[in-house]
Amino acid sequence: QVQLVESGGGLVQTGESLRLSCAASESILSFGAVGWYRQALGKERESVATITNLGNTNYADSVKGRFTISRDIAKKMVVLQMNNLKPEDTAVYYCSGFRSLGPQWYWGQGTQVTVSS
């Protein structure tokens, strides 16, 4: 059973940084893409950043230039480095892996990020 476990959330002030990690139970190359999504209270879940198995990355406009997604294949981990955080970044952040066979999405349990003004 595929497991994705997020860590690294917390409470920070505006302008500070956080580093979120997603540890996978299987090789991250077994996914067509792994991404970070977030859901703020009362809002729909949205894509934040994704990285494909080829290493291509994509970002939401709201985080471009501030967030960086990367991967460590050997450690089966995908990391989201978040800099210059803003209150509007406050949300539960989820790691997700996508496989085209099915297709099927796998989700972690989420980690809370709170940015105070």
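One structure accompanies this document, and this report is about it. (Residues numbered from 1 in each chain as written. Predicted model: local features only at pLDDT ≥ 70, side-chain atom pairs only at ≥ 80, totals over all residues. Heavy atoms only, no water.)

Here we come to the packing of aromatic side chains. Following the criterion strictly, the structure yields 6 aromatic pairs and no others. Measuring from ring centre to ring centre gives 6.0 Å for Phe-31 and Tyr-106, while their planes differ by 70°; the resulting arrangement is edge-to-face. You can see Phe-31 sitting in the loop between β3 (18-24) and β4 (33-39) and its partner Tyr-106 sitting in strand β10 (residues 104-107), a full 75 residues away along the chain. Look at Phe-31 and you get buried, because its relative accessible area is 1%. Here Trp-105 and Trp-107 contribute two aromatic rings whose centre-to-centre distance is 6.2 Å and whose plane-to-plane angle is 25°, an arrangement assigned as stacked. In textbook terms, an aromatic cluster arises when at least three aromatic residues are bridged by ring pairs, as seen for Tyr-37, Tyr-94, Phe-98, Trp-105 and Trp-107. (Phe/Tyr/Trp six-rings, centres within 6.5 Å; stacked < 30°, edge-to-face > 60°. Helix = DSSP H or I, 4+ residues; strand = E, 2+ residues; numbered from the N terminus. Buried < 20%, exposed > 50% of the residue type's maximum accessible area, 1.4 Å probe, protein only.)

Cis geometry is adopted by the peptide bond preceding Pro-103, which originates at Gly-102 and carries an omega value of -15°. Structurally, Pro-103 is set in the loop between β9 (91-99) and β10. The backbone of Lys-76 sits at a positive phi, close to 55°, despite the residue not being glycine. Topologically, Lys-76 is positioned in the loop between β7 (67-72) and β8 (77-82).

Here the focus is empty space enclosed by the protein. Enumeration according to the criterion identifies 1 cavity of 30 Å³ or more in this entry. When its volume is computed, the largest cavity comes out at roughly 40 Å³. What lines the largest cavity is Ile-28, Phe-31, Gly-32, Ala-33, Val-34, Ile-51, Thr-52, Asn-53, Arg-71 and Val-78. Here the residues of the lining of the largest cavity sort into 6 nonpolar, 3 polar and 1 charged. (1 Å grid on protein atoms, 1.4 Å probe; cavity = no way out; pocket = protein on both sides within 12 Å on 5 of 7 lines; lining within 4 Å. Points joined across faces, edges and corners; volume = space filled by probe spheres on them. Nonpolar A, V, L, I, M, F, W, Y, C, P; charged D, E, K, R; others polar.)

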